[in-house]
Amino acid sequence: MSPVHPDLPSSPDTPPVLLLGHHLKQLRLPTVLREYEKVARECARDGVDHPRYLLRLIELELLDRERRVTERRIREARFPAVKSLDTFDFTAIPSLNKMLVLDLARSEFITRRENIIALGNSGTGKTHVALGLGLAACQKGCSTLFITAHSLSSQLMEARDEKRLMKLQAQLQNVKLLIIDELGYVPLSQVGAELLFEVFSQRYERGSTMVTSNLPFEEWPSVFQSERLTGALLDRLTHHVHILELNGDSYRLKHSASRKRATVEADQNKASADS
Ligand code: ADP
Ligand code: MG
């Protein structure tokens, strides 16, 4: 046999453990490399035969590989924070349809190429829900990208100026779930609005798009600065859509208020105990 690597001449004297290590690295089987000795000891102890020993190792590699791929997908989604729906308190926002959110977390809407629009005032948990659904999508194997509307329109304009708009558009078209957060916080320039519209248009019935906004639909024309463009956009976005309504008090404010109240009460209790 010819040497498999210039640094590693395989001769009858090369220790097999060294060769095995090298080959497993080359085959990209890091888990098999890390675990084979330990699993061999366990299998010898338990009297497990060779096919089952190999099966155990290969299953470990597959599980690890799936975990690594999911981790990469989560990194590539560019979430500003990794938040799951497990930490979302649905009782804090009764207007939100919990059953619908949990069903969307199964990510089947992505296979059906349906969209989601989450509407509600600031601090009601729109971004948290979007992050939770995005994380669930990554875990189900769907490529995801999270971006604010403002950043997306800036990136599109920049790409256009640098003559790489088509490439960016193709990337945006290819992700299975595109999450556009905070539509409405900042009005878009005319070019920014048109480029954003094109993204919706190109994704129509090709991929799922989730939008969060603090503005009701009637006020979207003020963001896009055009009734015509907004009409055409809503037409595409709402054709197959799930609407999530988050109407209520800001979770942030309520929680800082209840924390403050708790601190004041604790201080008062302490004061009365001391006196
Ligand atoms: P929005 O995007 O609607 O402005 P966020 O999702 O950013 O609101 O929520 C503000 C903060 O409050 C975040 O840290 C978020 O995790 C938290 N939060 C909001 N609603 C809830 C909730 N129902 N349960 C747990 N945390 C929440
Ligand atoms: Mg937000």
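Now for a quick tour of the structure. (Residues numbered from 1 in each chain as written. Chains lettered and ligands numbered in written order. Predicted model: local features only at pLDDT ≥ 70, side-chain atom pairs only at ≥ 80, totals over all residues. Heavy atoms only, no water.)

The final tally for this structure, using the stated rule, is 14 salt bridges. Of the charged contacts in the structure, one is a salt bridge between R34 and D64, with a shortest N-O distance of 3.1 Å. Separated by 30 residues along the polypeptide, R34 in helix α2 (residues 30–46) and D64 in helix α3 (residues 50–77) bring together distant segments of the chain. Residue class for R34 comes out exposed when judged on its relative accessible area of 53%. Of the residues examined, D64 reaches a relative accessible area of 12% and is grouped as buried. Among the ionic pairs, R67 bridges to E71, the shortest N-O distance being 3.2 Å. Here the residue R67 and the residue E71 both occupy positions in helix α3, the gap between them amounting to four residues, near one helical turn. (Salt bridge = Lys/Arg side-chain N within 4 Å of Asp/Glu carboxyl O. Helix = DSSP H or I, 4+ residues; strand = E, 2+ residues; numbered from the N terminus. Buried < 20%, exposed > 50% of the residue type's maximum accessible area, 1.4 Å probe, protein only.)

Scanning all chains against the criterion turns up three aromatic pairs. Each ring, one from F88 and one from F90, has its centre 5.0 Å from the other, and the planes form 70 degrees; the classification is edge-to-face. For the pair F88 and F90, a shared accessibility class is recorded, and that class is buried. (Phe/Tyr/Trp six-rings, centres within 6.5 Å; stacked < 30°, edge-to-face > 60°.)

Quick look at the packing of helix α1 (residues 16–26) against α2 now. Helix-helix packing: each pair is described by the crossing angle between the helix axes and the interaxial distance. It is the contact of α1 with α2, at a shortest axis distance of 7 Å, that shows an interaxial angle of 145 degrees. Read as a crossing pair, α1 and α2 show a hand that is right-handed. Taken together, the residues of α2 that come into contact with α1 (itself represented by V17, L20, G21, L24 and K25) are V32, L33 and Y36. In the contact of α1 with α2, the residues fall into six nonpolar, one polar and one charged. (Axes fitted to C-alpha atoms, helices over the stretch in contact; angles between N-to-C directions. Left-handed = near helix turned anticlockwise from the far one by under 90°. Contact = heavy atoms within 4.5 Å. Nonpolar A, V, L, I, M, F, W, Y, C, P; charged D, E, K, R; others polar.)

On to the state of the cysteines, then. Each disulfide is one covalent bond, formed between the sulfur atoms of two cysteines. Counted under the stated rule, the structure contains zero disulfides. Note on C138: no disulfide assigned, nearest cysteine sulfur contributed by C142 at a separation of 8.3 Å. (Disulfide = S-S within 2.5 Å.)

Following both chains from N to C, one finds α3 and helix α6 (residues 126–139) inclined at 145 degrees, their axes separated by 9 Å at the closest point. Viewed along their axes, α3 and α6 form a crossing whose handedness is right-handed. Seen from α3, the contacting residues are T70, R73, I74 and A77; seen from α6, they are L135, C138 and Q139. Split into classes, the residues belonging to the contact of α3 with α6 amount to four nonpolar, two polar and one charged.

In terms of burial, strand β1 (residues 115–120) is a largely internal element, six of the six residues being buried. Every second residue of β1 is oriented toward a common face, with N115, I117 and L119 on one face and I116, A118 and G120 on the other, all of them buried. In the sheet, β1 pairs with strand β5 (residues 241–246) via six bridges, with the strands oriented parallel. Bridge pairing links I116 to H242 in β5. (Pairing = 2+ DSSP bridges.)

Quick look at a nonpolar patch on the surface now. Nonpolar side chains collect at one region of the surface, where L54, I58 and L62 lie side by side and expose about 280 Å² of accessible area between them. Examined against the element boundaries, L62 turns out to sit in helix α3. Judged by relative accessible area, L62 falls into the exposed class, the value being 51%. (Patch = residues over 30% accessible without salt bridge, like charges linked within 9 Å, V, L, I, M, F, W, Y side chains within 5 Å. Areas by Shrake-Rupley, 256 points an atom, 1.4 Å probe, with all protein chains shown as cover.)

Here we take up the site of ligand 1. Taken together, the neighbourhood of ligand 1 is formed by 15 residues, with D89, G123, K126, T127 and H128 sitting nearest. Between ligand 1 and the protein, one listed contact pairs an oxygen atom with a backbone N or O atom of G125 at 3.1 Å. With respect to ligand 1, the side chain of K126 contributes an N or O atom lying 2.8 Å from an oxygen atom. Contact with the protein chains covers 85% of the free accessible surface of ligand 1, which is 550 Å². Going through the elements one at a time, α6 and α12 (251–274) are the ones with two or more residues in the shell around ligand 1. Per element, the largest residue contribution to the shell around ligand 1 is three residues, and it comes from α6. Here the residues of the shell around ligand 1 sort into three nonpolar, eight polar and four charged. (Near = heavy atom within 4 Å. Polar contact = N/O pair within 3.5 Å; in protein donor to acceptor, adjacent residues only side chain to side chain.)

Our focus in this paragraph is the side chain of S250. Counting through the fold element by element, S250 comes out in the loop between β5 and α12. Of the residues examined, S250 reaches a relative accessible area of 12% and is grouped as buried. Not counting residues within four places of it along the chain, the set of residues in contact with S250 comprises S122 and G123.

Moving on, we come to α2. If you check α2, its first and last C-alpha atoms are 24 Å apart, about what 17 residues at 1.5 Å a residue would give, namely 24 Å. Most pronounced at Y36, the bend in α2 amounts to some 50 degrees. The complete set of buried residues in α2 reads T31, V32, E35, Y36, V39 and C43. Where α2 is buried, its residues touch α1 and α3. Once α2 finishes, G47 follows within two positions and takes phi at roughly 65 degrees, a positive value. (Expected span 1.5 Å × (residues − 1). Bend = angle between axes of the 7 residues up to and from the residue.)

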